[in-house]
Structure formats: structure tokens, C-alpha cells
Amino acid sequence: MAKKPSLGRQKIKIAKIKIKNHLQVTFSKRRSGLFKKASELCTLCGVEIAIVVFSPAGKVFSFGHPKVESIIDRFLARSPHLTNSTSLHLVEAHRIASIPELNVQLTCMLNELEAEKKRSETLDEMRKASQSQFWWEAPIEDLNLHELQQLKDSMEELKKTVTVQANRLLTENSNSMSFFGTNNISTIRGGGVDYHEMKPAPINISSSSSAASHVPSYGYGYGHGLF
Amino acid sequence: MTRKKVKLAFIMNDSARKATFKKRKKGLMKKVNELSTLCGIDACAIIYSPYEAQPEVWPNNIGVQRVLAQFKRMPEMEQSKKMVNQESFIRQRITKANEHLKKQIKENREKEMTEVMYQCLTGKGSIANLILPDLNDLGGLVDQTIKDISRRIESLKKAAASKSVAAPPPPPLSPRPQQVTVGGSGSNSTNHDMMTRGLMMHTLEKRPVVDNMSGMGGMQRTQWFTDWMNNPSEQNLGLGPGYEMPQFVDNTNLVWPNHFFP
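Residues numbered from 1 in each chain as written. Chains lettered and ligands numbered in written order. Predicted model: local features only at pLDDT ≥ 70, side-chain atom pairs only at ≥ 80, totals over all residues. Heavy atoms only, no water.

(A) Local environment of the overall build of chain B. Within chain B one finds 8 helices and 3 strands. In sequence order, the secondary structure elements of chain B are arranged as α-β-β-α-α-β-α-α-α-α-α. Residues classed as buried in chain B amount to 42% of the 262 residues present. Relative to all contacts within chain B whose residues are 6 or more apart in sequence, the contacts with residues 24 or more apart total 50%. (Helix = DSSP H or I, 4+ residues; strand = E, 2+ residues; numbered from the N terminus. Buried < 20%, exposed > 50% of the residue type's maximum accessible area, 1.4 Å probe, protein only. Contact = heavy atoms within 4.5 Å.)

(B) Structural view of the packing of aromatic side chains. Scanning the entire structure with this criterion turns up 7 aromatic pairs over all chains. With centroids separated by 5.7 Å and ring planes inclined at 45°, the aromatic side chains of Phe35(A) and Phe63(A) adopt a geometry described as tilted. Within this pair, whereas Phe35(A) is found in helix α1 (residues 20-45), its partner Phe63(A) is found in strand β2 (residues 60-65), the two being separated by 28 residues in sequence. Their ring planes at 80° and their centres at 5.7 Å tell us that Phe63(A) and Phe89(B) sit as a pair that is edge-to-face. Highlighted residues: Phe63(A) in strand β2 and Phe89(B) in helix α4 (residues 86-121), drawn from two different chains. Accessibility expressed as a relative area gives 0% for Phe63(A), which makes it buried. One aromatic cluster in this structure is built from Phe35(A), Phe63(A) and Phe89(B). Directly above the ring of Phe35(A) sits Arg31(A), whose terminal nitrogen or CZ lies 4.9 Å from the centroid. The residue whose ring lies beneath Arg74(A) is Tyr48(B), and the NZ or CZ to ring-centre distance is 3.7 Å. (Phe/Tyr/Trp six-rings, centres within 6.5 Å; stacked < 30°, edge-to-face > 60°. Lys NZ or Arg CZ within 6 Å of the ring centre and 35° of its normal.)

(C) Structural detail: the pattern of salt bridges. Applying the stated criterion to the full structure yields 22 salt bridges over all chains. Note that Arg24(B) is salt-bridged to Glu40(A), the shortest N-O span being 2.9 Å. On the criterion of chain membership, the pair formed by Arg24(B) in helix α1 (residues 14-39) and Glu40(A) in helix α1 is interchain, its members lying in two chains. Since its relative accessible area comes to 14%, Glu40(A) is described here as buried. Residues Glu92(A) and Arg95(A) are paired through a salt bridge, measuring 3.7 Å at the closest nitrogen-oxygen approach. With Glu92(A) and Arg95(A) both in helix α3 (residues 86-97), this residue pair falls 3 residues apart, about one helical turn. Each member of the pair, Glu92(A) together with Arg95(A), is buried. Among the charged side chains, a network of salt bridges with common partners joins Glu114(A), Lys118(A) and Lys5(B). (Salt bridge = Lys/Arg side-chain N within 4 Å of Asp/Glu carboxyl O.)

(D) A look at the packing of α1(A) against α1(B). In the contact formed by α1(A) and α1(B), the axes pass within 10 Å of each other and the chain directions differ by 165°. Relative to α1(B), the element α1(A) lies roughly antiparallel. Viewed along their axes, α1(A) and α1(B) form a crossing whose handedness is left-handed. Residues Leu23(A), Thr26(A), Phe27(A), Arg30(A), Arg31(A), Leu34(A), Lys37(A), Ala38(A), Glu40(A), Leu41(A), Leu44(A) and Cys45(A) of α1(A) lie in contact with α1(B), whose contacting residues are Arg17(B), Thr20(B), Phe21(B), Arg24(B), Lys25(B), Leu28(B), Lys31(B), Val32(B), Glu34(B), Leu35(B), Leu38(B) and Cys39(B). (Axes fitted to C-alpha atoms, helices over the stretch in contact; angles between N-to-C directions. Parallel < 35°, antiparallel > 145°, perpendicular 65-115°, else oblique. Left-handed = near helix turned anticlockwise from the far one by under 90°.)

(E) Region of interest: unusual backbone geometry. Between His65(A) and Pro66(A) the backbone carries a cis peptide bond, its omega angle lying at 0°. Topologically, Pro66(A) is positioned in the loop between β2 and α2 (68-77). Across the junction of Trp58(B) and Pro59(B), the peptide omega takes the value 0°, indicating a cis bond. Here Pro59(B) is to be found in the loop between β2 (56-58) and α2 (61-73).

(F) Structural detail: the pairing of strand β1 (residues 48-54) of chain A. The buried count for β1(A) comes to 6 of 7 residues, which makes it a mostly enclosed element. Bridge count between β1(A) and strand β1 (residues 43-48) of chain B: 6 bridges; the pairing is antiparallel. The partner of Ile49(A) across the bridge, within β1(B), is Ile47(B). Sheet analysis places β1(A) next to β2(A), joined by 6 bridges and oriented antiparallel. Residue pairing for β2(A): Ala50(A) is matched across the bridge by Gly64(A). Where β1(A) hands over to β2(A), the hairpin turn is made up of 5 residues, of which Gly58(A) adopts a positive phi near 100°. (Pairing = 2+ DSSP bridges.)

(G) Highlighting the interface of chain B and chain A. On the chain A side, the residues contacting the 117 residues of chain B number 124 residues. Between chain B and chain A, roughly 11700 Å² of surface is buried when both sides are summed, and carbon and sulfur atoms account for 69% of that area. Seen at the junction of chain B and chain A, the total is 8 salt bridges. Lys5(B) is paired through a salt bridge with Glu114(A); the nearest N and O atoms lie 3.5 Å apart. In this structure, the connection of chain B to chain A is made through 27 residue pairs in polar contact (both at pLDDT 80 or more). Ranked by the residues each element gives to the side of chain B that touches chain A, the list is headed by α4(B), at 29 residues. A class-by-class count of the residues in the side of chain B that touches chain A yields 62 nonpolar, 26 polar and 29 charged. (Buried area = accessible area lost by both parts, 1.4 Å probe. Polar contact = N/O pair within 3.5 Å; in protein donor to acceptor, adjacent residues only side chain to side chain. Nonpolar A, V, L, I, M, F, W, Y, C, P; charged D, E, K, R; others polar.)

(H) Highlighting the nonpolar core. Core analysis: the largest hydrophobic core is formed by 31 residues, its most contacted members being Ile49(A) and Ile51(A). Breaking this core down by element, the ones donating at least two residues are α1, β1 and β2 of chain A together with α1 and β1 of chain B. Examining the composition of this core, we find that 9 residues originate from one element, α1(A), more than from any other. Setting aside residues no more than four positions away along its own chain, Ile49(A) makes contact with Ala38(A), Leu41(A), Cys42(A), Phe63(A), Gly64(A), His65(A), Ile71(A), Leu28(B), Ile46(B) and Ile47(B). Formed by 30 residues, the second largest nonpolar core is a distinct cluster that contains Trp135(A), Val162(A), Ile127(B) and Ile153(B). (Core = buried A, V, L, I, M, F, W, Y, C linked by side-chain atoms within 4.5 Å.)

(I) Expanded view of the sheet that holds β1(B). Across the sheet, 5 strands lie side by side as β2(B)-β1(B)-β1(A)-β2(A)-β3(B); this open sheet has mixed pairing. Taken across any chain shown, the strands that pair with only one partner, and hence form the sheet edges, are β2 and β3 (83-85) of chain B. Each neighbouring strand pair of the sheet contributes to a mean axis angle of 5°, computed without reference to strand direction. Against the sheet, α1(A) touches β1 and β2 of chain A together with β1 and β3 of chain B, its axis set at about 170° to β1(A). On top of the sheet, α2(B) reaches β1 and β2 of chain A together with β1, β2 and β3 of chain B; it is set at about 115° to β1(B), its chief contact.

Pasting the structure below:
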């Protein structure tokens, strides 16, 4: 199901929001955006920042680089940066050293997300195009009883074909597996930053046979990977 | 306002870095201001840079001190609960981005699978090339689609039934409970009427397409009729099979073999 598009960017009056719900949503989003901007400023320009924000509910959010407390202390003391003990310095230095790598990871992830979003748009366009051509691709609500019945029957035929094929592959697999041993079974990793390796085997939509040469990333121990 | 994508790394070029700092610092202060005004909350910002001896602040020195005092009055736990630094914040962003990515990939896979399903339906795509996990997902999708279609068929039949039940007494002009019921299902029945008309249009348009589908087998159509006749839910009409059908069949002479309706 397609997501309803949002209202997009709209000009708003800079005055206290009247509707409580809107206010809370706005706070949540803008606070998040504010911290993001602060984070970027730190990365890009190597400056030290602290931001303290109270929520409408009275909770406090704070962002600080290198640390909220040290910036606050520095400001209030109005004297040069207070020296911490050596051990704390090391811990903090270690933490700070990991930041560039984290940024790289984040950038990577955001790029992939963008790519997938583009793919989503492409797929939507494809569907729209086919829907205008073929009546059976229209949403179910648009079909009449006769069409529905016809579609249902075709679907059930397809289901049978798929089941037959699946069973065939299963028996083929068990045959080859019993011969070579179950040495290619790998668990599908989920979550974590390595997720991008988990993408499902690309499905070839055209009826070309090149899909058969795709080594499945699921590692079910098919014949492919063994030859 | 440039819309070039900026690499998320320290800007090596001194003048570029300084320029970026000035712009972004200004923007950041504006954002804090807006947040505070729009949501009616207290906030402060402190920025130490190599370019100024004194920190740049929002709203002003007194304002910052006030907010910081407020902050320090809070219990330690409350202070640190929502406290982040660069490292933890970026980690949070990575986690969120990962979740979005997973969701999007899943969504895309479903869309792709739908394409495959429709292509296989018309014989344009072949399932011979699919690997087992994809095949399983395809099967699942087909099952789900069949379920949705069946549900829709049931609700349409119910609507047809309620229409036929409500129709006999001609509804008086003044609204009455029965009228309301008719009105209630009326939306369905209007739909039903439209569908009937639509079908006549559809079949005309769809002619070549239907012939395509017949590639599935002429046996298919006969199967359909036998199934339909035997379908117990049809009995809900209470009038036996074939009651509604004449409306459907009226201007269509191509899908159903004529011998079926005497």
C-alpha cells in the first residue's frame, strides 16, 4: 500500500503553537533536527557546542560535544577549560576518535536508504504503468464480482504452479545436499550495521535465464555454490 | 541557498570551514530561537569556536545562566537521561537509519514480488528462475492475494444480498428506518449498480484481454461455473443461484457459454 504523501514544507508563523498535539509533534521533530544540525556543525567545523532544551512536558534534552557537562562548567566558570584527570582524558579521547568512522558509517547508511527510496519510486511507477494497461492489476476494490472471480481462479492456478516448483526445488536440494553434505547453510544475519549485505537475491522480472546464475545470498546449499 | 550535498567530515580548507561555520552557526541559533518560540519552552545554546575568545550564545548570557541553573536543579538522573554527545548521537542516527533501511528494503521486496506475481499470471514471467526463498515469498503473496479477493467477493455478495432484500417494498419519500437500511447498504447497492454497468463496459474493453486469460485454459471457465454453482454462499441470496446473474449477463455474450442460462 502506498504511503500517503506528507504535506511537505509549509511556511508557519513563528508564534507559540496553539494545538497541544501539534506543539508536541513539532517539539519532537525540531529538537531532533536541532541536534542533527549541531552535530553536523561539530563535525564540519570542529567546534565545541552545548545545547540544553526543556520539553513541553518538563523533561530536559541536551546535546554536547565533547561533553555537555564540560561545556557548561567551562561557561559558568568563565575560565579556561578545566583539566580532567588523565584517565578521563584518555576515555574521552578514545570516544572522540571513533567519531569520524561513525560519520562514515552513517553516511553509508543514508546513501543506501536514498537508493532504496529511489528504487521504491521506480517500482511504484512500474505498477502505475501496468495498472493502466491491465485490468487485473488494479486494486481489488476497483474490480467487480466477475473480474474478482476470474482473478481468483488465475491466482489459484498460479499457486498450484508455484507449489509444484517449490516442491521440485526442495527435492532437488535434498538430493544434492545429501550428496555433498550440508556445508553451505549460513544463518541470515539481521540488524546491525552490516545489514546491507543482507539484501535478497535480486529477482529477475524478465523471463531471461540470467537469474539462475545469481548465487543466492541465503546460502541454502544449492548446487550453484558448490560447482 | 546552495543545495550541494556536503560530505559529513571535517572541512580541511580553512576559509571554507570558517565560512561554513558562520553560516551554520547563524542557522543553528535561528533554529533554537524558533523551537523556543513555537513550543514555548526554555532552551539555550553555547558555541565555542577557534574564531572567538568568548563563546557565542543564545539567547544571551543571562538567559543561558538561567536555563543552566534550571538544568542543574534537576535530579542527576533526569539530566543524563536524555543527554547525548556526538558519539552517542551519531550511533542513534545510525540505528534509526538502519531501521528505515530495513523497512524500505522489505517494502521494495514486496513491491517487486507483486510485479513478479502479475508477470507470472500472464505468462510473461517465468518462475523457473526463482530460488526457493523467493518462491516461498511468492507463494505467500499469492495466498494473501487470494484471501483478500475472497474477502472482497464475500462483501460484494453480502451487499448484493442486502440490496435485493431491501428492494421489494418501494421506499416512501419520507425517511424511515427501513429507508436508512436501504440507504446504508444503498451505497453498496449503488456501487453494485455501477458495477453492473461497469461490467458491461469492462467486458467490451477487456475483450482481447479476456482472450489472453483464456490461455489459462477453457477448462478454467467451466471450472469457474461449476464452483460458482456449488458455492454455498450463493444460497445467502435466498433466491437460488441465477437470480442476480441475468443482470450480469445481459449485454455480455462472450464470457459465459450461452447454454448455461436457459
